[in-house]
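# Breakdown of the fold
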Amino acid sequence: QDEALAAFSQALKLDENLTDTRVLLAAFLLRQGKIEDARLQTQELFRMAKDDTQARLLMSQILQKEGKLDESIQELKDLAEAKPGLPEVRIQLAQALLQKGEFDKIPAELESVLKDDPDQIFANFLMGQVYLAKKDYKKAIETFLKVTSKMPEWKDAHASLAMAYI
């Protein structure tokens, strides 16, 4: 961890406008649970490029970690409207809606992604989670079987498949 932070610091000393490096640093800090530090780096990204997609995605994740799920969902909805062709935005929005329990709103987000890429694994996994939550076990099983056939090592997919069989 310390070595990674030192390397990030050195890169930003050499050029403080390295947006990709700042995105990686903010994501690293968020994974380390350093939410306030991640927020500061993300705010710096906003200063450098107000509509940076990665900064907005990071901010939505920070908001979720802070327990501000509604604000995170709104940020993702705004971003999905501004950048409709980015599947990662729709997937994160679907994930946040799933976390909130708004199951009826999720399929539209995921169908948009799956229309362009029917084999998008994480979108399929989330769709399976929706079917499971709605107690549509047949569709959940079909979806999780598709996911586990593409990624046989994914433990969460196997666990979800098991839940659908129960």
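Residues numbered from 1 in each chain as written. Predicted model: local features only at pLDDT ≥ 70, side-chain atom pairs only at ≥ 80, totals over all residues. Heavy atoms only, no water.

### A short note on helix H2 (residues 19–31)
The first and last C-alpha atoms of H2 sit 18 Å apart over 13 residues, in line with the 18 Å expected at 1.5 Å per residue. Contacts from the buried residues of H2 go to helix H1 (2–14), helix H3 (35–48) and helix H4 (53–65). Once H2 finishes, Gly33 follows within two positions and takes phi at roughly 80°, a positive value. (Helix = DSSP H or I, 4+ residues; strand = E, 2+ residues; numbered from the N terminus. Expected span 1.5 Å × (residues − 1). Contact = heavy atoms within 4.5 Å.)

### Looking at the side chain of Glu75
Mapped onto the elements, Glu75 comes out in helix H5 (residues 69–82). Judged by relative accessible area, Glu75 falls into the buried class, the value being 17%. One polar contact links Glu75 to Arg56, side chain to side chain, over a distance of 2.6 Å. Those residues in contact with Glu75 that lie beyond four places of it in its chain are Arg56 and Ser60. (Buried < 20%, exposed > 50% of the residue type's maximum accessible area, 1.4 Å probe, protein only. Polar contact = N/O pair within 3.5 Å; in protein donor to acceptor, adjacent residues only side chain to side chain.)

### What about the pattern of salt bridges?
Any two side chains of opposite charge can pair, on the condition that their charged atoms come close. This structure, assessed with the given rule, holds ten salt bridges. With its nearest N and O atoms 2.5 Å apart, the salt bridge here joins Arg39 to Glu66. With Arg39 in helix H3 and Glu66 in the loop between H4 and H5, the pair connects residues that are 27 residues apart, well separated along the chain. Taking the relative accessible area as the measure of exposure, Glu66 reaches 28% and is therefore partly exposed. One salt bridge in this structure joins Lys100 and Asp70, with 2.4 Å as the shortest N-O distance. (Salt bridge = Lys/Arg side-chain N within 4 Å of Asp/Glu carboxyl O.)

### Concerning the packing of helix H6 (residues 87–100) against helix H7 (residues 106–116)
With their axes 9 Å apart at the nearest point, H6 and H7 run at an angle of 155° to one another. Considering their axes alone, H6 and H7 lie roughly antiparallel with respect to each other. Seen from above, H6 lies across H7 with left-handed handedness. Residues Pro87, Arg90, Ile91, Leu93, Ala94, Leu97 and Leu98 of H6 touch H7, and the partners they reach there are Ile106, Glu109, Leu110, Ser112 and Val113. Residue classes in the contact of H6 with H7 are distributed as nine nonpolar, one polar and two charged. (Axes fitted to C-alpha atoms, helices over the stretch in contact; angles between N-to-C directions. Parallel < 35°, antiparallel > 145°, perpendicular 65-115°, else oblique. Left-handed = near helix turned anticlockwise from the far one by under 90°. Nonpolar A, V, L, I, M, F, W, Y, C, P; charged D, E, K, R; others polar.)

By themselves, these are just geometric observations and shouldn't be taken as functional.
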